Amino acid sequence: MEKRTYPALAEEIVWHTLPNGLPIAVIPRPGFTKKMAYFVTDYGAIHTSFTLDGEAYTAPAGVAHFLEHKMFDLPGRDVMAEFAAMGANPNAFTSYDLTAYYFSCTDNFEDCLKLLLQYVSTPYFTKESVDKEQGIIGQEIGMYADNPESRVWEELAKGMYEKHPICVPILGSKESIAKITPEILHACHKAFYRPGNMLLCVVGDVDPEKVCEIAKEILPETDTCQVQRVQSWPEEMTCPQPLVEKQMEVAMPMFQLGFKCEAPEKGEEAVLWETVGDLAAEALFGESSPLYLKLYEQGLIDSSFGGGFETVDGMAMLVASGDSDDPKAVQKAILQQAQTLAQEGLPEEDFLRMKRSAMGRRLKGLDSFDSVAFRVCAYYFSGFDYFRFPEIYQKVQPSHLQEFIKRVVTAQRSCLAVIYPKEA
Amino acid sequence: MVQTISILPGITLRCFQDNRFKQSCLTVQFVRPMCREEAAKNALLPAVLLRGCEGAPDLRSITLKLDDLYGAAIGPLVRRVGDYQSTGLHCSFVADKYALEGDKILEPMVDFLGKLLFAPVLEEGAFRKDYVNNEKKNLIATIEAEKNDKRAYAAAELLRRMCSEDSYGIPRLGTVSNVKAISAKSLYDHYCRVLKESRVDIFYVGSMDAQAVAAMTEKLFADKERCYVNLPEQTAFASPAGGEQQQVMDVAQGKLSMGFETDITLRSPQFVQMQVCNMVFGGGMTSKLFMQVREKNSLCYDIGSAYYGSKGILTVGAGIDCAKKDEVQEHILTQLEACKKGDVTDEELNAAKQALICSLQGVHDSAAGIENYYATGALSGQTMTPQQHSQAIEDVTKEQVQEMAKTLKLHTVFFLRGEG
């Protein structure tokens, strides 16, 4: 076991890797009653093509999310009821590039942890249960279809990308999930729910040795299968459709404006660029930027406006989104301001203030168990230790931001997706 | 523990001293009786105050000030608790010990909060017209955007239709026409009245001790002319039954909302029994509604119930296939009948209790959780600590759940359905 400390944040993490390859991170929270465990696999909606022990697979869209729903079935047991009896709140989510299973509890932590590890490591899929799930997920797809926020994001992704599977919804479609079978679920589980492809992260006042002991007891002793992901999604830096316009039952036009970026690699360098991307968004149109004030005073944006840098395995983009009567005017203003910043750069004083503010906000986020567990996991799969973020902020220079804005925030790289209110 | 300090008549500071958190939280709420004439003004007021004050006359100078305070945040706070509506500001900021070179954060934060609350930018004896007009437009957009989220819209629409003659039917942010009628002068006059007459609840969570916080906040009110007016008592739900109502929208999925009334409110001795009853019926992933309607019959993805203890209302919401409305409604009523017959297993009862207890035990684990629990409790009159509340839940029996279910009467059904 290795304990790493981060004095500036008053944080520490105890790391350990089991013989089967599973990394475990325990983040102590002395004096808190809540305890939380995240069991996460480095596998999400975009990882549909792979080879397992020499055999090639292409799974239907939506399979990772479908698998997430089906993992809660254990033969002869009711996972939800068992968690509920222990007073725990279990849940799970699937993103483009990872799937997370987690619970929070105050009592019975060890038994809850055992149950989490058991159900996520036990594949159990029958024809009947798969059929039934197609009905439930069909309704979930219907719910998102009526949700303008998710629709505008999906339209943006389709407008910007041709090859990267981010242009396919995480849930898939009613048609694609109809093709899911117990066999394909088994193959995906075997390929991606191996200990070496996962991470167990615990936050709370718990004994790290006990956590490792339980994981060792429940999980398979070895990890032997051979898996290769098929992921090559070469993209031009221009967008196939620079403007996407749709109509829905919304009150006011809702937009997302994206700027395509080169896909980041893994590790510290990637995190540096992500931080640069975030700060560039802040400098360009964040709440303390001159542009934000101007657009707000003109009534072109309201407090729903915001943005940042989004990365998914194999892609990255800068996004601004919100409600506006005139999204095209917002796009034009951002492009103009980007040209100004690209030429003149950012005053040193503004840059330092922005960094201090961003650091403070990250620090506040450390009070949230969910946010800490999720970020430690997500950054681990990106090859970075999350609690080192203060060092990254020290490395960022104003010239980084200027160079980034000059390269990325251009008309050629941009796509505007808008959902307009239905015409009466 | 919460320390309560009376600063002036009608002005109360509550402090929860705790040094486990990296962020601290400070809220100031002016408490008003919920009424149609005021709702929109109370909702608009904090947004206008956040546009500028002495020393920080526009949005950008406010944000720069907050950036200097290590990414502190100040936002509007508009709560509805029973017949009361609060209007005020909410601040979160990192604890002093994380600031560089001994910088202080709490004290300048309180000063700044005071400026925003008491020294707004004025012109001709009123708020600035452009600020007011801008924020009116934003508030109207927020009110209209409610329909973007169909689940929230259907839930709110049910309450509006169910409570046509109760304050609970008044939209928390007012209506579009209420907002349109506000002028810079009428809002300013309202603001002066709010400062003078309202009960003020201040809440702090952080590492500083209560007396120090009291000294800082006391200064804010020291020279203010006050004439405190007592609030009316909270009342129980009363409104004529609404029957079956529907609305058509261009949606793929229908939203079924059902409203039930009960005499049991959080002022009743049986309050926690009703909380447990709600959990057994539809309050979570082990509830009857979730297990039977979703898991067993695959009729929906999203289903659940909510109990509004300050009023004595229980609602059920489900996202469903529009063609299956009657079938789902039937299933929901069957599950309620089961509760009324006492058809509740030990597992269901235990799971319901554990879920409530677990969330109560987590209250003390975040600054926002602490503020929300105690500040809302101060408005509703619910004074149990999370510990006491958990104990009361522990003691609830199956028979009590059955008795509570029997008090529920279907009052109004609202169905948001697709065309065709």
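Residues numbered from 1 in each chain as written. Chains lettered and ligands numbered in written order. Predicted model: local features only at pLDDT ≥ 70, side-chain atom pairs only at ≥ 80, totals over all residues. Heavy atoms only, no water.

Engineer: Looking at this structure, how should I read the overall build of chain A?
Structural biologist: What chain A contains, in helices and strands, is 15 helices and 17 strands. Whereas a compact globule of 424 residues would reach a radius of gyration of roughly 22 Å, chain A reaches 23 Å, a difference of no more than 12%. Along the longest, intermediate and shortest principal axes, the C-alpha atoms of chain A span 60 × 55 × 40 Å. In chain A, the share of contacts with a sequence separation of at least 24, taken over all contacts with a separation of at least 6, comes to 81%. As displayed, chain A has an accessible area near 16800 Å², and 48% of this comes from carbon and sulfur atoms. Charge-centre separation for chain A: the mean point of 39 positive side chains lies 2 Å from the mean point of 61 negative side chains. (Helix = DSSP H or I, 4+ residues; strand = E, 2+ residues; numbered from the N terminus. Rg over C-alpha atoms; globule rule 2.2 N^0.38 Å. Contact = heavy atoms within 4.5 Å. Areas by Shrake-Rupley, 256 points an atom, 1.4 Å probe, with all protein chains shown as cover. Lys, Arg positive; Asp, Glu negative; His and termini not counted. Charge placed at Lys NZ, Arg CZ, Asp CG, Glu CD.)

Engineer: How should the side chain of Gln253(B) be read in this particular structure?
Structural biologist: With respect to the helices, strands and loops of the structure, Gln253(B) is situated in the loop between strand 9 (243-248) and strand 10 (254-261). A distance of 2.9 Å separates a polar atom in the side chain of Gln253(B) from a polar atom in the side chain of Gln139(A). For Gln253(B), the contacting residues outside a window of four places in its chain are Gln139(A), Gly142(A), Met143(A), Asp146(A), Gly319(B), Ile320(B) and Cys322(B). (Polar contact = N/O pair within 3.5 Å; in protein donor to acceptor, adjacent residues only side chain to side chain.)

Engineer: What am I meant to see in the domain arrangement of chain A here?
Structural biologist: Note: interface size is frequently given as the accessible area lost on complex formation between the parts. Residue and element names in this part refer to chain A. Domain assignment breaks chain A into domain 1 (2-229) and domain 2 (243-421). Put simply, the middle of domain 1 and the middle of domain 2, counted by C-alpha atoms, are 28 Å apart. Both faces combined, the contact of domain 1 with domain 2 buries some 3700 Å², and carbon together with sulfur accounts for 78% of it. The largest per-residue losses of area from domain 1 upon contact with domain 2 belong to Leu9, Val152 and Met160, which jointly make up 18% of the total buried on that side. (Domains from an automatic or database assignment. Buried area = accessible area lost by both parts, 1.4 Å probe.)

Engineer: What is the right way to look at the interface of chain A and chain B in this model?
Structural biologist: Taken together, the contact pairs 58 residues of chain A with 60 residues of chain B. Here chain A packs against chain B, burying approximately 5200 Å² in sum over the two surfaces, 54% of which is carbon and sulfur. Three residues stand out in chain A for area buried against chain B, namely Glu249(A), Arg356(A) and Lys364(A), and they jointly supply 14% of the buried area on that side. Taken together, the links from chain A to chain B amount to 8 salt bridges. (Salt bridge = Lys/Arg side-chain N within 4 Å of Asp/Glu carboxyl O.)

Engineer: How should I be thinking about the pairing of strand 15 (residues 306-312) of chain A in this particular structure?
Structural biologist: Where a strand is regular, its side chains alternate between the two sheet faces. All names here are of chain A. Pairing of strand 15 with strand 16 (residues 315-323) involves 7 bridges; the strand directions are antiparallel. Counterpart to Gly308 in the pairing with strand 16 is Val319. Hairpin geometry of strand 15 and strand 16 is characterised by an intervening segment of 2 residues between the two adjacent antiparallel strands and by a positive phi of about 90° at Gly314. (Pairing = 2+ DSSP bridges.)

Engineer: Quick question: what am I supposed to make of the confidence of the model for chain B here?
Structural biologist: Detailed reading of predicted coordinates is not advised where the pLDDT is low. Taken as a whole, chain B shows an average pLDDT of 94; of its residues, 100% reach a score of 70 or greater. This complex was scored by the predictor with a pTM of 0.89 and an ipTM of 0.81. (pLDDT = per-residue confidence, 0-100.)

Engineer: What am I meant to see in the domain arrangement of chain B here?
Structural biologist: Residues and elements named next belong to chain B. On domain assignment, one finds that chain B holds domain 1 (2-221) and domain 2 (243-417). Averaged C-alpha coordinates put domain 1 and domain 2 at centres separated by 30 Å. With 35 residues of domain 1 in contact, the opposing surface of domain 2 contributes 35 residues. Along the contact surface separating domain 1 from domain 2 lie 5 salt bridges. Between Arg79 and Glu371 there is a salt bridge; the shortest N-O distance is 2.7 Å. At the junction of domain 1 with domain 2, the criterion picks out 12 residue pairs in polar contact (both at pLDDT 80 or more). Breaking the side of domain 1 that touches domain 2 down by element, the ones donating at least two residues are strand 2 (11-17), strand 3 (23-33), strand 4 (73-81), strand 5 (84-94), helix 5 (150-162) and strand 8 (199-206). Broken down by element, the residue count for the side of domain 1 that touches domain 2 peaks at 10 residues, all from helix 5. Its residues assigned to classes, the side of domain 1 that touches domain 2 shows 17 nonpolar, 6 polar and 12 charged. (Nonpolar A, V, L, I, M, F, W, Y, C, P; charged D, E, K, R; others polar.)

Engineer: Mind showing me how you'd approach the environment of Pro208(A) here?
Structural biologist: Residue and element names in this part refer to chain A. Its location among the elements puts Pro208 in helix 8 (residues 208-218). As a C-alpha pair, Pro208 and Phe259 span 51 residues in sequence and 43 Å in three-dimensional space. Those residues in contact with Pro208, other than ones at most four positions away along the chain, are Met1, Val14 and Val26.

Engineer: Whenever I open this one, the sheet that holds strand 8 of chain B confuses me. Can you help?
Structural biologist: Backbone-to-backbone hydrogen bonds join strands into a sheet, with any given pair of strands oriented parallel or antiparallel. All names here are of chain B. Pairing in this open sheet of 6 strands is mixed, and the strands run 1-2-8-3-5-4 from one edge to the other. The open sheet is flanked by strand 1 (2-8) and strand 4, the only strands paired with a single partner. The average undirected angle you get between the axes of adjacent strands in this sheet is 20°. As paired elements, strand 3 and strand 5 share 11 bridges and run antiparallel to each other. Of the residues in strand 5, the one forming a bridge with Gln29 is Gly88. Relative to the sheet, helix 1 (residues 39-49) contacts strand 3, strand 4 and strand 5, its axis offset from that of strand 5 by approximately 15°. (Axes fitted to C-alpha atoms, helices over the stretch in contact; angles between N-to-C directions.)

Engineer: Teacher, can you tell me more about the state of the cysteines here?
Structural biologist: Residues and elements named next belong to chain A. Going through the model one piece at a time under the given rule, you end up with 0 disulfides over all chains. Cys201 provides the cysteine sulfur closest to Cys377, a residue in no disulfide bond, and the two sulfurs are 4.5 Å apart. Overall, Cys377 belongs to the buried group, its relative accessible area being 1%. (Disulfide = S-S within 2.5 Å. Buried < 20%, exposed > 50% of the residue type's maximum accessible area, 1.4 Å probe, protein only.)

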